[in-house]
Amino acid sequence: MDYETRYTPLEKTCWGLVWATKKLRHYLLAHLVVPVSHLDPVKYLFEKTTLIGKLARWLLLAEFDLKYMTRKLVKGRAIAEFLTDHLVTEAEAEDFMFLDEDILCLLNDTWQLYFDGALNQCGYGIGLLQVSPNNSHIPLSYKLRFEVTNNQAEYEACIAGMGAALELGAKRLEVIGDSNLVVPQAKGDWKVKEDMLKLYHSVLEALIPQFDSIIFTHTPRVSNRFVDALVTLASMVKIPLGFTMRPLMIEQKVKPACECTFTEEGEDNGKPWYEDVRKFLEEGEYPSKCTLKDKMALWKFVVRFVAYGGALYRRVHLGPNQLLYHNRRKSQDNGGNT
């Protein structure tokens, strides 16, 4: 329109934002959007509670989650300037449309399967790790009661993992392994020459059509350590025939056990774990109800700490000591007496 060419820079910026909200509405409704501009009046318009005129009609954007940010160094500005300099004609604009504009977002329903198989002097084993779309990790491992080569063990792991994924209801699967033979053969890059591996490969090809989508990805061995640990555990542990071990649970600890050894429940009154250590080093006092065994353990434990000038430090090898406690009043009294 001719009158649009006479807009002020502020009005042009606002009109560009309104045009973007109309064309990209299905994206803006699903995400937080950060408008970036070098014009400070745009920030004023967003913070102003009441507006009049065409700007008031344009900035009725309450349905979108918009957060203004001042432009400092935005490389994407080059794209906006390029589109401004290369405007489309009305004929081209008629062909411009978004497909599936009623779709706000796409959910990722792809499962991941990490597999590995190995043999050692203790036996044969395979390990699997299923990762669901919601990032739940399901480890599985099998001890093989028959002799196989290393490549056959890799095929056993891959086939067992694909079967387990089907039982879990996976329709889209990414198979990840560190085998330099199984993964290329499953992708069709390499031919299968050995007769025994051809049988394994035929079983694998029979499972592939049962998935809506499946891809095979090679990963370095260093990125497959968890499954490699499952393989080692399954192959080396002695399990009676017909016996199934319960799943292995791995939890995380954020504090060493020694930090809570000398603090008794009900008598610490909210004091930190190192209170018994500080009292022993500064005053030579033992905790209440302390047995001879506890005293011996405390003697061995306090060598890791240093008390000096009203402060308690933990000894650190090849580095500065870590400050745990500092009594400023006591340090000031000691400083005044010297």
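Structure: see above.
Quick look at the structure, then. (Residues numbered from 1 in each chain as written. Predicted model: local features only at pLDDT ≥ 70, side-chain atom pairs only at ≥ 80, totals over all residues. Heavy atoms only, no water.)

1. Here we look at the sheet that holds strand 3 (residues 110-120)
Piece 1. With respect to topology, five strands assemble into an open sheet ordered 5-4-3-6-7, the strand pairing being mixed. Each having just a single partner strand, strand 5 (137-144) and strand 7 (213-218) make up the two edges of the open sheet. Adjacent strand axes in the sheet meet at a mean angle of 20 degrees, parallel and antiparallel pairs treated alike.
Piece 2. Note that strand 3 and strand 4 (residues 123-131) share nine bridges and pair antiparallel. Each residue of the ladder has a partner; that of glutamine 112, found in strand 4, is valine 131.
Piece 3. Sheet strands touched by helix 7 (residues 150-167): strand 3, strand 4, strand 5, strand 6 (172-177) and strand 7. Its angle to strand 3, the strand with the most contacts, is close to 150 degrees.
Piece 4. Here helix 10 (residues 225-236) sits on the sheet in contact with strand 3, strand 4 and strand 5, set at roughly 145 degrees to strand 4. (Pairing = 2+ DSSP bridges. Helix = DSSP H or I, 4+ residues; strand = E, 2+ residues; numbered from the N terminus. Axes fitted to C-alpha atoms, helices over the stretch in contact; angles between N-to-C directions. Contact = heavy atoms within 4.5 Å.)

2. Description of helix 10
Piece 1. In this model helix 10 runs 16 Å from its N-terminal to its C-terminal C-alpha over 12 residues, within 8% of the 16 Å that 1.5 Å per residue would give.
Piece 2. Those residues of helix 10 lying buried are Val227, Leu230, Val231, Ala234 and Ser235. Viewed along the axis of helix 10, the buried residues span an arc of 125 degrees, placing them on a single side of the element. (Expected span 1.5 Å × (residues − 1). Buried < 20%, exposed > 50% of the residue type's maximum accessible area, 1.4 Å probe, protein only. Arc of directions from axis to C-beta.)

3. Quick look at the side chain of glutamine 185
Piece 1. Inspection of the secondary structure puts glutamine 185 in helix 8 (residues 182-187).
Piece 2. Excluding residues that lie within four positions of it along the chain, glutamine 185 makes contacts with Tyr155, Trp190, Lys191, Val192 and His201.

4. Some points on the layout of surface pockets
Piece 1. The computed volume of the second largest pocket comes to approximately 650 Å³.
Piece 2. Lining the second largest pocket are 21 residues, with Ser141, Tyr142, Ile239, Thr244 and Met245 positioned closest to its centre.
Piece 3. Of all the secondary structure elements, the ones that give two or more residues to the lining of the second largest pocket are strand 5 and helix 10.
Piece 4. Ranked by residues supplied to the lining of the second largest pocket, first place goes to strand 5 with six residues.
Piece 5. Within the lining of the second largest pocket, the residues separate by chemical class into 15 nonpolar, three polar and three charged. (1 Å grid on protein atoms, 1.4 Å probe; cavity = no way out; pocket = protein on both sides within 12 Å on 5 of 7 lines; lining within 4 Å. Points joined across faces, edges and corners; volume = space filled by probe spheres on them. Nonpolar A, V, L, I, M, F, W, Y, C, P; charged D, E, K, R; others polar.)

5. A look at the pairing of strand 4
Piece 1. With eight of its nine residues buried, strand 4 lies for the most part within the structure.
Piece 2. Between strand 3 and strand 4, which pair antiparallel in sequence order, lie two residues.
Piece 3. Where strand 4 and strand 5 come together, eight bridges link them in antiparallel fashion. Note that in strand 5 the partner of valine 131 across the bridge is histidine 137.
Piece 4. Adjacent in sequence and paired antiparallel, strand 4 and strand 5 are bridged by five residues, among which asparagine 135 carries a positive phi angle near 70 degrees.

6. Overview of the pattern of salt bridges
Piece 1. For the coordinates displayed, the defined rule picks out four salt bridges.
Piece 2. One salt bridge in this structure joins aspartate 109 and arginine 172, with 3.3 Å as the shortest N-O distance. Of this pair, aspartate 109 sits in the loop between helix 6 (90-94) and strand 3 while arginine 172 sits in strand 6, and the two are 63 residues apart along the sequence.
Piece 3. Looking at aspartate 109, the relative accessible area reads 41%, which means it is partly exposed.
Piece 4. Note that arginine 221 and aspartate 178 form a salt bridge whose closest N and O atoms lie 3.9 Å from each other. Separated by 43 residues along the polypeptide, arginine 221 in the loop between strand 7 and helix 10 and aspartate 178 in the loop between strand 6 and helix 8 bring together distant segments of the chain.
Piece 5. In this structure, a network of salt bridges that share partners links the residues Asp178, Arg221 and Asp228. (Salt bridge = Lys/Arg side-chain N within 4 Å of Asp/Glu carboxyl O.)

7. Structural notes on a nonpolar patch on the surface
Piece 1. A grouping of Phe226, Leu233, Leu248 and Ile250 is seen on the molecular surface, where their side chains present a nonpolar patch of about 420 Å² in accessible area.
Piece 2. For leucine 248, the position within the fold is in the loop between helix 10 and helix 11 (275-283). (Patch = residues over 30% accessible without salt bridge, like charges linked within 9 Å, V, L, I, M, F, W, Y side chains within 5 Å. Areas by Shrake-Rupley, 256 points an atom, 1.4 Å probe, with all protein chains shown as cover.)

8. As for the pairing of strand 8 (residues 305-308)
Piece 1. Strand direction decides the pairing type here: strand 8 and strand 9 (residues 311-314), joined by four bridges, are antiparallel. Across the sheet, valine 306 pairs through a bridge with tyrosine 313, a residue of strand 9.
Piece 2. Remark: two residues form the turn of the hairpin made by strand 8 and strand 9, two consecutive strands paired antiparallel; glycine 309 in that turn has positive phi of roughly 60 degrees.

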